[in-house]
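So the chains spell out like this:
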Amino acid sequence: MSIDATDRRIIAATQGGLPLVPEPYAAIAAELGLSEATLCNRLHNMQARGVIRRIAAAPNHYALGMVANGMSVWDVEDAAVAELGAHVGALDFVSHCYERPRALPDWPYNLFAMIHAESRAEVEEKRGRIAALLGAACRGHDILYSTRILKKTGLRLRPEGGT
Amino acid sequence: MTLDATDRAILNRLQEGFPITPEPFRVVAQELGLNEADLLARLERLKADRIITRFGPFYDAEAMGGAFCLCAMAVPDADFECVLTKVNARPEVAHNYQRDHRLNMWFVLATETEAEIEEMAMSIERETGLRVLRFPKRREFFIGFRIAA
């Protein structure tokens, strides 16, 4: 999944967001000295290769009243985790859902799902819905609430070089 | 601010993906039964009111060249601030959250290569005398978050 210097310029020009104008791609292309067709081809290409996960709006959970969240973690049978993970990830109150390796014996959980809701009680209710969805394939679960943000820095994109 | 049904429909539609085509807002507006100017004006307002934090391409950090790993440590309460200072001092530690669990410190390591993730985790273990559990992403499931329409 290599990206070249032009892709890198496109990333730098768009990672702050798309302009809210009728022809946003033409505006970015002009800024970069590319044709709109070239820009769109490269965006399509990066999306097809997974460099762009999606082009979308990120909602502010807090502004929407979703002030409670919890990292729910699940011990799901390996044979079932791909299928069940997809169901959990598609739930409308789950924002991030990942399969990760267990760290036995300390940590038996292999599925992580971030639950957002308006209250702690509602987070717990939604956790119950995930438990019901997973059924017998789930051997145990837990939820971790954050008590303090200790550090939060943005993603650092190297300005040049590398692939 | 309050969101009306149209705002909610816009938010949910724009989380599903945005077309790469010369007039993408016109395409989305048509799908939603709006006109393009109204859609753009509402998006300006949703951004100004910080209901939308970002609108555009979301790049895969790993695909852009880099390695990431969620890590966790069980830090004794008495040592927490001391360990925190050591962990946060490293620029490779991107996010760090305290959580109410025996594993009470959760952070993301961001480095240029996979090998550096391992080196950094081992280096933190040496400096703190505590284990750093590694939880790299194996699979990411479709993001389905929606607000009530």
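Residues numbered from 1 in each chain as written. Chains lettered and ligands numbered in written order. Predicted model: local features only at pLDDT ≥ 70, side-chain atom pairs only at ≥ 80, totals over all residues. Heavy atoms only, no water.

Draft legend 1. Region of interest: the packing of aromatic side chains. Scanning all chains against the criterion turns up ten aromatic pairs over all chains. Measuring from ring centre to ring centre gives 5.8 Å for Phe112(A) and Phe135(B), while their planes differ by 55°; the resulting arrangement is tilted. Taken as a pair, Phe112(A) in strand S4 (residues 111-117) and Phe135(B) in strand S5 (residues 133-135) lie in two separate chains rather than in one. For the pair shown, Phe112(A) and Phe135(B) are each scored as buried. (Phe/Tyr/Trp six-rings, centres within 6.5 Å; stacked < 30°, edge-to-face > 60°. Helix = DSSP H or I, 4+ residues; strand = E, 2+ residues; numbered from the N terminus. Buried < 20%, exposed > 50% of the residue type's maximum accessible area, 1.4 Å probe, protein only.)

Draft legend 2. Main features of the domain arrangement of chain A. Along its sequence, chain A is carved into domain 1 (5-48) and domain 2 (68-144). Domain 1 of chain A and domain 2 of chain A are separated by 36 Å when their C-alpha centres are compared. (Domains from an automatic or database assignment.)

Draft legend 3. Summary view of the domain arrangement of chain B. The assigned domain composition of chain B is domain 1 (5-48) and domain 2 (67-135). For domain 1 of chain B and domain 2 of chain B, the distance between their C-alpha centroids amounts to 40 Å.

Draft legend 4. Region of the structure containing the interface of chain A and chain B. Facing 78 residues of chain A, the contacting portion of chain B comprises 74 residues. Of the roughly 7,100 Å² buried at the junction of chain A and chain B (both faces included), carbon and sulfur atoms supply 59%. Glu99(A) is paired through a salt bridge with Arg139(B); the nearest N and O atoms lie 3.0 Å apart. At the surface where chain A touches chain B, the tally comes to 35 residue pairs in polar contact (both at pLDDT 80 or more). Class assignment of the residues belonging to the side of chain A that touches chain B gives a composition of 46 nonpolar, 17 polar and 15 charged. (Contact = heavy atoms within 4.5 Å. Buried area = accessible area lost by both parts, 1.4 Å probe. Salt bridge = Lys/Arg side-chain N within 4 Å of Asp/Glu carboxyl O. Polar contact = N/O pair within 3.5 Å; in protein donor to acceptor, adjacent residues only side chain to side chain. Nonpolar A, V, L, I, M, F, W, Y, C, P; charged D, E, K, R; others polar.)

Draft legend 5. Representation of the packing of helix H1 (residues 5-14) of chain A against helix H2 (residues 24-32) of chain A. All names here are of chain A. Following both chains from N to C, one finds H1 and H2 inclined at 120°, their axes separated by 11 Å at the closest point. The angle between H1 and H2 places the two elements in the oblique class. Between H1 and H2 the crossing geometry is right-handed. Of the residues in H2, those touching H1 at Arg9, Ile10, Ala13 and Thr14 are Ile28, Glu31 and Leu32. (Axes fitted to C-alpha atoms, helices over the stretch in contact; angles between N-to-C directions. Parallel < 35°, antiparallel > 145°, perpendicular 65-115°, else oblique. Left-handed = near helix turned anticlockwise from the far one by under 90°.)

Draft legend 6. Main features of the sheet that holds strand S3 (residues 94-99) of chain A. Taken in spatial order, the five strands line up as S5(A)-S2(A)-S4(A)-S3(A)-S6(B) in an open sheet, and their pairing is antiparallel. At either end of the open sheet lies a strand with only one pairing partner, and these are strand S5 (138-144) of chain A together with strand S6 (139-140) of chain B. Sheet topology places S3(A) next to S6(B); two bridges connect them, and they run antiparallel. In the sheet register, Glu99(A) faces S6(B), and the bridge partner there is Arg139(B). Packed on one face of the sheet, helix H5 (residues 120-134) of chain A meets strand S2 (68-76), S3, S4 and S5 of chain A and runs near 20° to S2(A). (Pairing = 2+ DSSP bridges.)

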